[in-house]
Amino acid sequence: MMTANQSIRRVGKPIEVAYAVLFLAGDESQWITGVNLPLDGGYTAR
């Protein structure tokens, strides 16, 4: 299972993706440009 390779060792929840979308759509992220935001529980950080 993919969770064995993730830092947080669990499957992500839809609300966690929604929080990232809300952040990116809000004023707090107005200076963020040209980056990838992996929502993978640390899978790509290993």
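Scroll up to find the structure this text is about.
Residues numbered from 1 in each chain as written. Predicted model: local features only at pLDDT ≥ 70, side-chain atom pairs only at ≥ 80, totals over all residues. Heavy atoms only, no water.

Trainee: Describe the environment of Asp 40, listing the residues and the values that go with them.
Mentor: The topology assignment puts Asp 40 in the segment after α1 (14-25). The class for Asp 40 is buried, based on a relative accessible area of 15%. Expressed as a C-alpha distance, the spacing of Asp 40 and Ile 8, which sit 32 residues apart in the sequence, is 9.4 Å. Within the local environment of Asp 40, its side chain forms a polar contact with the backbone nitrogen of Gly 42, the two atoms lying 3.1 Å apart. Polar contacts involving the side chain of Asp 40 include one to the side chain of Thr 44, which spans 2.9 Å. (Helix = DSSP H or I, 4+ residues; strand = E, 2+ residues; numbered from the N terminus. Buried < 20%, exposed > 50% of the residue type's maximum accessible area, 1.4 Å probe, protein only. Polar contact = N/O pair within 3.5 Å; in protein donor to acceptor, adjacent residues only side chain to side chain.)

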